[in-house]
Amino acid sequence: MKNSKELEEEKKLLVEKFGLFMEGQEKLSPIGARIFATLFINKENGATFDDLVHFLGASKSTISTNLHNLTKSNMIVFYTRPGDRKKYYSLSPDGFISRIEEKIENFKTEFILVEQILQYKKLVNDILEEEDGLCCSDQKSPYLDYLSNTIRLLEQLRDQIRVKCPMNT
């Protein structure tokens, strides 16, 4: 069994790995990505401003600026607890929904474009077949299946988040 120091080190490593991923994926600043990763790990309990300053070892102004930016972009929210004046930050279900919606729209656009390209290719192949007497097989596209399945799964995920998480909108 790991002790608390080992668990803390493992958490820091996971925050760093996930933070690097989020920097590239969501175009977040390095500290913004680490705040997001920390809140992802702490999602049930949230984290206070002081918790983030201590855990990430960044200056108060850096944490404050990045919390403001993440809140403004609707990726995180804050709440208070009765009898406690501190703000607790957590991930925003609304932010997840908007990220998922954006991905769904991108996949739908790609699906339509790939479908149009395949229709064009079929038309060209049909014309060439008539001119040259060549026989071209009807092409099925596993890529269209992938896009369709991805859209369906993202829509299911979006719907599950809406059911399981309270929304702020």
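Given the structure is predicted, the values throughout are model-derived calculations rather than measurements.

### A closer look at helix H3 (residues 49–56)
Along an α-helix, residues three or four positions apart point the same way, because every turn accommodates 3.6 residues. Turning to H3, its buried residues are Leu-52, Val-53, Phe-55 and Leu-56. In this structure, the buried residues of H3 make contact with helix H1 (4–26), helix H2 (30–41), strand E1 (47–48) and helix H4 (60–72). Phi turns positive, to about 65 degrees, at Gly-57, one or two residues after H3.

### Remarks on the environment of Cys-165
On the secondary structure map, Cys-165 appears in the segment after helix H6 (142–164). Residues Cys-165 and Pro-93, spaced 72 residues apart in sequence, show a C-alpha to C-alpha distance of 6.3 Å.

### Brief notes about the pairing of strand E3 (residues 84–91)
Sheet analysis places E1 next to E3, joined by 2 bridges and oriented antiparallel. Bridge assignment links Thr-48 to a residue of E3, and that residue is Tyr-88. Bridge count for strand E2 (residues 76–81) against E3 is 5 bridges, and the pairing is antiparallel. The partner of Val-77 across the bridge, within E3, is Ser-90. Once E2 ends, the chain turns through 2 residues before running back antiparallel as E3, passing Gly-83 with a positive phi of about 80 degrees.

### So, the packing of H2 against H3
Between H2 and H3, the least distance of the axes is 11 Å, while the angle of their chain directions is 110 degrees. As the angle between them shows, H2 and H3 are arranged roughly perpendicular. For the pair H2 and H3, the sense of crossing is right-handed. For the pair H2 and H3, contact is made by Arg-34, Ile-35, Thr-38 and Leu-39 and by Leu-52, Phe-55 and Leu-56, respectively. Taken together, the residues of the contact of H2 with H3 sort by class into 5 nonpolar, 1 polar and 1 charged.

### Observations concerning the sheet that holds E3
Strand order in the open sheet formed by 3 strands is E1-E3-E2, and the pairing between neighbours is antiparallel. Only two strands of the sheet have a single neighbouring strand rather than two, namely E1 and E2. Contacting E1, E2 and E3, H2 crosses the sheet at an angle of about 95 degrees to E3.

### Digging into the packing of aromatic side chains
Here the structure, examined in full by the defined rule, presents 8 aromatic pairs. Here Tyr-79 and Tyr-88 contribute two aromatic rings whose centre-to-centre distance is 5.8 Å and whose plane-to-plane angle is 20 degrees, an arrangement assigned as stacked. According to the relative accessible area criterion, Tyr-79 is partly exposed, its value standing at 28%. The exposure class of Tyr-88 is buried, given its relative accessible area of 9%. Every member of this aromatic cluster is reached through a ring pair, and the members are Phe-18, Phe-21, Phe-36, Phe-40 and Phe-96. Over the ring of Tyr-88 we find Arg-81; its NZ or CZ atom is 3.7 Å from the centre of that ring.

### A look at the pattern of salt bridges
This model, assessed by the stated rule, comprises 8 salt bridges. A salt bridge links Glu-155 to Lys-108; the shortest N-O distance between them is 3.5 Å. Placement of the pair is Glu-155 in helix H6 and Lys-108 in helix H5 (residues 93–132), with a sequence separation of 47 residues. Given a relative accessible area of 23%, Glu-155 falls into the partly exposed group. We classify Lys-108 as partly exposed; its relative accessible area is 33%. Because the salt bridges share partners, they merge into one network encompassing Glu-101, Arg-158, Asp-159 and Arg-162.

Quick notes on the rules
- Residues numbered from 1 in each chain as written.
- Predicted model: local features only at pLDDT ≥ 70, side-chain atom pairs only at ≥ 80, totals over all residues.
- Heavy atoms only, no water.
- Buried < 20%, exposed > 50% of the residue type's maximum accessible area, 1.4 Å probe, protein only.
- Helix = DSSP H or I, 4+ residues; strand = E, 2+ residues; numbered from the N terminus.
- Contact = heavy atoms within 4.5 Å.
- Pairing = 2+ DSSP bridges.
- Axes fitted to C-alpha atoms, helices over the stretch in contact; angles between N-to-C directions.
- Parallel < 35°, antiparallel > 145°, perpendicular 65-115°, else oblique.
- Left-handed = near helix turned anticlockwise from the far one by under 90°.
- Nonpolar A, V, L, I, M, F, W, Y, C, P; charged D, E, K, R; others polar.
- Phe/Tyr/Trp six-rings, centres within 6.5 Å; stacked < 30°, edge-to-face > 60°.
- Lys NZ or Arg CZ within 6 Å of the ring centre and 35° of its normal.
- Salt bridge = Lys/Arg side-chain N within 4 Å of Asp/Glu carboxyl O.

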